[in-house]
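Notes for the structure review
Each chain is listed here by its residues.
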Amino acid sequence: MKIVFMGTPEFAVPSLETLVAAGHEVGLCLTQPDRVQGRGHKLLFSPVKEKALELGIRVLQPTRVRGDEELYAELAAYAPDVICVAAYGQILPENVLKLPRYGALNVHASLLPRHRGAAPIQRAILEGDEKTGVTIMQMAAGLDTGDMMARVALTIGDLDYPTLSAQLASHGAWLLRETLTALEKGTATWEKQDDEKATYAGMITKADGRIDFPAQDAAAIIRMMRAFRPWPGIYCELDGEVMKILDAEALAADETTEGQTPGTVLAAGREGIDIATRTRILRVKALQMPGKKAMDADSFLRGRKIPAGTVLK
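To keep things clear, this report deals only with the structure shown in the data block. Source: prediction; values computed, not measured.

On to the sheet that holds strand 2 (residues 25–30). Sheet architecture is open: seven strands sit in the order 5-2-1-6-7-9-10, paired in mixed fashion. The two strands at the open ends of the sheet, each matched to only one other strand, are strand 5 (58–60) and strand 10 (148–155). Each adjacent strand pair in this sheet contributes to an overall mean axis angle of 20°, direction not counted. Alignment of strand 7 (residues 104–108) against strand 9 (residues 131–138), held across four bridges, turns out to be antiparallel. From the neighbouring strand, V107 faces strand 9, where its bridge partner is I136.

What follows concerns the packing of helix 1 (residues 13–21) against helix 2 (residues 47–54). Between helix 1 and helix 2, the shortest axis-to-axis distance is 9 Å and the interhelical angle comes to 20°. Compared by their axis directions, helix 1 and helix 2 come out roughly parallel. Judged by the sense of rotation from one axis to the other, the crossing of helix 1 with helix 2 is right-handed. Mapping the contact onto sequence places V13, L16 and E17 in helix 1 and P47, V48, K51 and A52 in helix 2. Of the residues that constitute the contact of helix 1 with helix 2, the class distribution is five nonpolar, no polar and two charged.

Moving on: helix 3 (residues 69–78). Looking only at helix 3, the buried set comprises L71, L75 and Y78. Buried residues of helix 3 fall within an arc of 60° about the axis and therefore sit on the same side. Relative to its buried face, helix 3 has exposed residues pointing more than 90 degrees away, namely E69, E70 and A77. Structurally, helix 3 contributes buried residues whose contacts are with strand 1 (2–7), strand 2, strand 5 and helix 4 (94–97). One side-chain oxygen at the N-terminal end of helix 3 lies 3.3 Å from the backbone nitrogen of E70; it belongs to D68. Phi for A79, located one or two positions after helix 3, is positive at around 55°.

Conventions we followed
- Residues numbered from 1 in each chain as written.
- Predicted model: local features only at pLDDT ≥ 70, side-chain atom pairs only at ≥ 80, totals over all residues.
- Heavy atoms only, no water.
- Pairing = 2+ DSSP bridges.
- Helix = DSSP H or I, 4+ residues; strand = E, 2+ residues; numbered from the N terminus.
- Axes fitted to C-alpha atoms, helices over the stretch in contact; angles between N-to-C directions.
- Parallel < 35°, antiparallel > 145°, perpendicular 65-115°, else oblique.
- Left-handed = near helix turned anticlockwise from the far one by under 90°.
- Contact = heavy atoms within 4.5 Å.
- Nonpolar A, V, L, I, M, F, W, Y, C, P; charged D, E, K, R; others polar.
- Buried < 20%, exposed > 50% of the residue type's maximum accessible area, 1.4 Å probe, protein only.
- Arc of directions from axis to C-beta.
- Polar contact = N/O pair within 3.5 Å; in protein donor to acceptor, adjacent residues only side chain to side chain.

All quantities given are derived from atomic positions and should not be read as evidence of function.
Below you can see the structure in the form of structure tokens.
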């Protein structure tokens with residue numbers, strides 16, 4: 001098939017590689033514009049751009065697909081059989097969706113209709129879902145509302161975002177290849193989504209990483225840590241400074257937690273910093289303070305004591 005591929009982050013790279021390895025003609029690749037990084041204003045390519053250039057595929061980086069007449073003319077001139085999308089980062093207009101004869105297929109990292117939107121992997125971890133997965137969806141005008149063509153489920157367990165994302169990306173690439181084969185053979189089927197079961201996975205912001213001790217128990221904070229690794233991470237305030245929590249575990253509540261305000265340090269020693277939460281104890285095992293390197297709790301406490309009774313905010 002003649003394919004236009006659209007994607008941006010690392011999650012999309014296995015799908016692009018698989019399409020090329022399967023013998024499809026990927027003539028154009030769309031990805032988000034380069035970002036400027038650091039004081040040196042170094043241009044940072046997306047993972048998809050790096051892979052596309054390595055594979056010799058022409059890369060286009062429109063600021064906005066909607067309303068770009070020159071881009072539409074170029075896509076129409078290429079005349080793709082299908083557009084394949086994986087975490088591209090822009091909503092496609094209807095004229096682009098209808099351009100290929102097979103339309104546009106999206107590799108979405110959830111078991112639709114649950115977790116429609118921009119951050120399905122993080123939201124699945126945050127909400128304590130037992131399973132998540134990948135759905136190959138026929139793209140439509142709404143946000144992840146199109147008919148489903150194939151799905152595969154994975155158990156989340158105690159996986160963090162980078163690990164789960166890599167597994168979903170691999171499964172999604174395989175599922176996309178199988179779906180294209182079904183389209184070519186005329187055996188593809190479609191299933192409408194149940195809109196009443198839909199949930200929305202909104203974009204993650206830096207503010208999402210702030211711990212709310214009165215509202216969250218230790219297990220919820222651990223899920224935050226797994227979901228927000230590496231960005232935005234999770235953090236609270238110690239004596240007015242931002243303390244990033246890099247590693248922690250949830251412990252059962254004991255007599256030390258009775259009557260304690262959530263966020264109160266119960267003990268701080270070699271094994272970690274024990275903090276009261278709404279129902280359990282959060283033991284911080286590694287952390288980072290502003291302008292300092294990451295360190296384990298024991299090393300940190302050798303240079304800075306945290307008395308029992310200190311309240312983190």
